[in-house]
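Structure at a glance
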Amino acid sequence: MQFDVFSLFPEVFPSYLDSSILHRAQEMGRLRVDLHNIRDWATDKHHITDEPPYGGGGGMVMKPEPVFAAVEGILGDPPCCPVILMTPQGELLTQKKANSLVEFSRLAIVAGHYEGIDERVREHLVTEEISIGDYVLTGGELPALVLIDILTRLIPGVLGDPQAAEKDSHASGLLEHPHYTRPENYRGWIVPEVLRSGHHAKIDRWRRNQSLRRTLERRVELLTDFELSEEDIEFLDQLKNAGSSGLDDKPASE
Ligand code: ADE
């Protein structure tokens, strides 16, 4: 998968892109990220990329010409792939949205800055607007990295365990179960016995129940769209009847 990122601050990207799984994905040839500095496409003497808004008011607005010139200069006119603007006004980024975006082999990402970006960029260049949450950051660079990260994990072959992405919180529609590793006893906090039993069917059921419990406790609205099995429903009923004290299979750490 290939990304073309258009930003006024491309220097903030490399340290994250050159670490861990994103680095490995690039080494494997499954991920390519080309960073483009919008300022390089500003043709005036001072390479101005922002100006005060028409109509007054505070802040600065990103000018349209350098953004159009950068995106069209790299991707053609019209651009050869979707052009995503990271903005708090966009569609909320969810795992489901990520699953649909990973189908594209190439995506352009425009990271907005200052008070905003000239509306003509939105209307005539950008094909999608995406938000990473209902809060406002100083710019679209972190959101762009979030988008690249979430999509890279979904590229086939990038994660060591091919099922890892499917097991994640949100991928199945439920939050993920708790994880434990050695030591078995840490400061008296013991790993649940079932996980040490070697009994795979029981472990699967325990994990499923923990996912259900977490989702019920933390994000109950996710259960509305989730297809529950009879066993799931039975477990959730037991949980609700047991009240806040919960059931025996609560992890030792909780
Ligand atoms: N730019 C500033 N805040 C943002 C957000 N929440 N999502 C995407 N882009 C942004």
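Our structure is the block above this text.
Just so we're clear, the structure is a prediction, and the values are computed from it rather than from any experiment.

With respect to the overall build of the chain
When helices and strands are counted, the chain shows nine helices and ten strands. Relative to its length of 254 residues, the chain is extended, with a C-alpha radius of gyration of 23 Å against a globular reference of 18 Å. Along the longest, intermediate and shortest principal axes, the C-alpha atoms of the chain span 70 × 40 × 35 Å. Out of the 254 residues in the chain, the part that is buried amounts to 41%.

Description of the packing of aromatic side chains
When we look at a pair of aromatic rings, we describe it by the centre distance and by the angle of the planes. Enumeration according to the criterion identifies one aromatic pair in this entry. A ring pair is formed by Tyr186 and Trp189, whose centres lie 6.0 Å apart and whose planes are at 55°; its orientation type is tilted. By relative accessible area, Tyr186 is classed as partly exposed at 46%.

Here we look at the sheet that holds strand S6 (residues 106–111)
Strand order in the open sheet formed by five strands is S2-S1-S6-S5-S8, with parallel pairing between adjacent strands. Both edges of this open sheet fall to strand S2 (32–37) and strand S8 (128–131), since each of them pairs with a single strand only. Ignoring strand direction, the axes of neighbouring strands in this sheet form an average angle of 35°. Bridge count for strand S5 (residues 83–92) against S6 is four bridges, and the pairing is parallel. Paired with Ile84 across the two strands is Ile109, which belongs to S6. Relative to strand S1 (residues 2–7), helix H3 (residues 64–75) is tilted by about 160°, and along the sheet it contacts S1, S2, S5 and S6. Sheet strands touched by helix H6 (residues 141–152): S1, S2, S5 and S6. Its angle to S6, the strand with the most contacts, is close to 160°.

Scoring rules and cut-offs
- Residues numbered from 1 in each chain as written.
- Predicted model: local features only at pLDDT ≥ 70, side-chain atom pairs only at ≥ 80, totals over all residues.
- Heavy atoms only, no water.
- Helix = DSSP H or I, 4+ residues; strand = E, 2+ residues; numbered from the N terminus.
- Rg over C-alpha atoms; globule rule 2.2 N^0.38 Å.
- Buried < 20%, exposed > 50% of the residue type's maximum accessible area, 1.4 Å probe, protein only.
- Phe/Tyr/Trp six-rings, centres within 6.5 Å; stacked < 30°, edge-to-face > 60°.
- Pairing = 2+ DSSP bridges.
- Axes fitted to C-alpha atoms, helices over the stretch in contact; angles between N-to-C directions.
- Contact = heavy atoms within 4.5 Å.

In short, the description is geometric, and any link to function would need to be established separately.
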